[in-house]
Amino acid sequence: MLQHKGVTPIEQAQNKDDSSTATGNKIKKNKKQYAMKNYVIESLPDYFKQYKKSIKNPKKFWDKIADENFVWYQRWEKVVNYDMHEAKIEWFINAKLNITKNCIDRHLAQRGNKTAIIWEPNDPNEAAQHITYQDLYDRVGKMSNVLRAQGIEKGDRVTIYLPMIPELAVAMLACARIGAVHSVVFAGFSASAVASRINDSGSKVVITSDGSYRGNKTLDLKSIVDDALTKATGVGKVLVVKHTNNEVKIQEGRDLWLQPLLDDAPIENIPTIMDAEDPLYILYTSGSTGKPKGMLHTCAGYMVYIGYTFKNVFNYKENDIYWCTADIGWVTGHSYILYGPLINGATTVIFEGVPTYPEPDRFWSVIEKHKVTQFYTAPTAIRSLAKETTEWVEKHDLSSLKVIGSVGEPINDEAWHWYNDHVGKKKCPIVDTWWQTETGGIMISPLPFVTPTKPTYATLPIPGIQPVLMDEKRNEITGNQVDGNLCIRFPWPGIARTIWGDHQRYKDTYFSAFPGKYFTGDGALRDEVGYYRITGRVDDVIIVSGHNLGTAPIEDSINEHPAVAESAIVGYPHDIKGNALYGFVILKDVGESRDRDNLRKEINQLIADQIGPIAKLDKIQFVAGLPKTRSGKIMRRILRKIAEGDFNNFGDTTTLLDPDVVEAIKNERIG
Ligand code: WT7
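Residues numbered from 1 in each chain as written. Predicted model: local features only at pLDDT ≥ 70, side-chain atom pairs only at ≥ 80, totals over all residues. Heavy atoms only, no water.

(A) Up close: the overall build of the chain. The secondary structure content of the chain amounts to 22 helices and 31 strands. Here the C-alpha radius of gyration of the chain, 25 Å, is about what a compact globule of 671 residues would show, namely 26 Å. Principal-axis analysis of the C-alpha atoms places the extent of the chain at approximately 75 × 65 × 55 Å. For the chain, the proportion of its 671 residues judged to be buried stands at 62%. A sequence separation of at least 24 residues applies to 71% of the contacts in the chain between residues at least 6 apart. A total accessible area of about 25800 Å² is found for the chain, and carbon and sulfur atoms account for 49% of it. Taking the average place of the 81 positive charges on the side chains of the chain and the average place of its 82 negative ones, the gap between the two points comes to 6 Å. (Helix = DSSP H or I, 4+ residues; strand = E, 2+ residues; numbered from the N terminus. Rg over C-alpha atoms; globule rule 2.2 N^0.38 Å. Buried < 20%, exposed > 50% of the residue type's maximum accessible area, 1.4 Å probe, protein only. Contact = heavy atoms within 4.5 Å. Areas by Shrake-Rupley, 256 points an atom, 1.4 Å probe, with all protein chains shown as cover. Lys, Arg positive; Asp, Glu negative; His and termini not counted. Charge placed at Lys NZ, Arg CZ, Asp CG, Glu CD.)

Right under this line is the structure:
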């Protein structure tokens, strides 16, 4: 058997007796712990009761949940330490655990033959895979041993750039098992984006595949990685999954096919004992500069928060089949395709394809095929499917559905009703879940069969979450029927602990605008009964088709074009994507004689190369100047109004340096 160095007596003891928390510590054996029933809210009065408890005594509240529902090597000494001014937050101090024991090992006795993952391939004619908890244990064990044999140790970073195939889940879990920090990069990002994420995280290893299928398109992921590695340093090994059988270049000494290594690896793998606050993963999100912002999540708090929210928000019951359509490359996939469902011993569907392939009824056909009970998707997908004839939905038996969910951006009234009428058939509660990469898990959402829903409202906070609305003067706005900047008052276990390698930036971004509170970057209103509705970003982030895009990195790319002097981008409302991007570009003299349409193509190509096709601009207007304040700040508010075609509500323009600039831009707006 392959054993890594430094197997401690705790590990050995633990490995012999999986069902206990065998450290001689205070933890009692809790027979109920696999039932995961101890914290399910079943009624509105119960919700209010739990919520009150969670606010009055958050330590006691989370202590009980953590104690009764998870397996630990060693109990915590203290529930929480925090300083919201310094942005220092720790949960379950000194506890020892491994999240994969909670996701896999502890289920084996009761659920070994239960399906953990249903993998639905891109091609509907290819058979789906049903991976049981036992299979998952075997596959993760082998992968863990392969990673260890490649020299990966606790704390090392591993970049994962894979399509939505089972190996993606297996690779993430294997990292978590050996204590390596996974950094999953969405397989739609370009080589430059991959390179900057490899460099920022300091990854030693990249796991990728020969290619990916998305509808009728294929993408050559390995050559994107090859390209990225000409710009990134420090990667010693590239492990390649064979998936599309696309021909790839194998660089001797660096690249290895994964399958032969897995074939030779033993199954048994002793998990690494992790401290509660050891890093679990890095996930990059958009920021206000071009530098990637790696949100760091740690082991214990994340596990507890995701386990709790999954169970409650989706009202998961033992035989349910749960499907979240997000990509695992985003936080939704991390928390609610992988970790949340597996912590709860659930069956989770992983779908490789796209909603419109081979026809626009693929979602509905997969729901029917696998008898999906909980379906979780994004408003942009709902809007694009709602524009097709309803025959596509009606063709399919969706009667297995119990709960349907939405995430990623505000869901507009029309999409909410279409979803409710045609997918939920007016009998499935819609959980409109508001949260962020930074929050780790769902923060504000109805609980199905508990919270009465209201179209476009995310409704009430999850127990433990204290939303507050703040005005520009940093005063808290109390009472109902008000709106303001959405902040959170007290830490919760799932919050990201830092930005990888840059704690100051973490503090500045989230904890300085409203001192003592976490600032979300979103605006929200609170209605007459205290329900929250998220109104959208109040900062320079634009959400396009559910993808969070910072203006700065896109402007940086545009400005690299030799003919461009300066640029500003804003979002404007779009029927399907929610928002689309509108760019205002000032040309240098050398650009003046160039064909405008060619320039537009080149600019979009640059963006696609540097960030990815998701960040391309729908409209590009060449302008002579941009509206700026006297201090030189671009007044995006005005550009946003122009992009929307609203010339009457520019707001306060007294700080505008040159009003003529605005007139010129208005006259040449692209409609
Ligand atoms: C931003 C976070 C949450 C996982 C996927 C996106 C927006 C998210 C909702 C919702 C209104 C929402 C917010 C948030 N958002 N969910 N239900 N209603 N807006 O994670 O990429 O970190 O984006 O998405 O603006 O701040 P993310």
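Still more to cover.
(B) Representation of the packing of helix 11 (residues 299–313) against helix 12 (residues 331–343) in the model. Running from N to C, helix 11 and helix 12 point in directions that differ by 85 degrees, and their axes come no closer than 8 Å. The angle between the axes of helix 11 and helix 12 places the two elements in the roughly perpendicular class. Note on element contacts: helix 12 touches helix 11 through His 334, Ser 335, Tyr 336, Tyr 339, Gly 340, Pro 341 and Ile 343, opposite Tyr 302, Met 303, Ile 306, Gly 307, Thr 309 and Phe 310. A per-class count over the contact of helix 11 with helix 12 returns eight nonpolar, five polar and no charged. (Axes fitted to C-alpha atoms, helices over the stretch in contact; angles between N-to-C directions. Parallel < 35°, antiparallel > 145°, perpendicular 65-115°, else oblique. Nonpolar A, V, L, I, M, F, W, Y, C, P; charged D, E, K, R; others polar.)

(C) Inspection of the side chain of Asn 269 at higher detail. In this structure, Asn 269 sits in the loop between helix 10 (258–264) and strand 13 (274–275). Only 2.8 Å separates the side chain of Asn 269 from the side chain of Asn 145, close enough to count as a polar contact. If near-sequence neighbours (up to four positions away) are discounted, Asn 269 is found in contact with Gly 141, Ser 144, Asn 145, Arg 148, Arg 177 and Ile 178. (Polar contact = N/O pair within 3.5 Å; in protein donor to acceptor, adjacent residues only side chain to side chain.)

(D) Focus on the site of the ligand. Every one of the 17 residues lining the ligand counts as a neighbour, but Asp 432, Thr 433, Thr 437, Asp 522 and Arg 537 are closest to it. In this structure, a nitrogen atom belonging to the ligand sits 3.4 Å away from a main-chain N or O atom of Glu 409. Contacts to the ligand include Asp 522, whose side-chain N or O atom sits 2.5 Å from an oxygen atom. In isolation the ligand offers 550 Å² of accessible surface; the protein chains occlude 96% of this area. Those elements that place two or more of their residues in the shell around the ligand are helix 12, strand 20 (430–433) and strand 26 (532–537). Counted by class, the shell around the ligand contains seven nonpolar, six polar and four charged residues. (Near = heavy atom within 4 Å.)

(E) Region of the structure containing the side chain of Ser 144. Topologically, Ser 144 is positioned in helix 6 (residues 133–149). In this structure Ser 144 comes out as buried when scored by relative accessible area, which is 0%. Those residues in contact with Ser 144 that sit more than four places away from it in its chain are Ala 174, Arg 177, Ile 178 and Asn 269.

(F) Looking closely at the nonpolar core. Counting residues in each nonpolar core, the largest one holds 124 residues, and the members touching the most others are Trp 62, Trp 72, Phe 92, Leu 136, Ile 160 and Tyr 339. Setting aside its immediate chain neighbours within four residues, Trp 62 contacts Val 79, Trp 91, Phe 92, Val 304, Tyr 305, Tyr 308, Pro 463, Gly 464 and Pro 493. Core analysis: the second largest hydrophobic core is formed by 39 residues, Ile 198, Leu 221, Ala 232 and Val 585 among them. (Core = buried A, V, L, I, M, F, W, Y, C linked by side-chain atoms within 4.5 Å.)

(G) Quick peek at the domain arrangement of the chain. Structurally, the chain comprises domain 1 (9–306) and domain 2 (544–667). Computed over C-alpha atoms, the centres of domain 1 and domain 2 are 38 Å apart. Of the residues lining the interface, twelve residues belong to domain 1; the matching set on domain 2 comes to twelve residues. Approximately 750 Å² of surface area, both sides summed, lies buried where domain 1 meets domain 2, with 53% of it carried by carbon and sulfur atoms. Our count for the domain 1 to domain 2 interface comes out at zero salt bridges. (Domains from an automatic or database assignment. Buried area = accessible area lost by both parts, 1.4 Å probe. Salt bridge = Lys/Arg side-chain N within 4 Å of Asp/Glu carboxyl O.)

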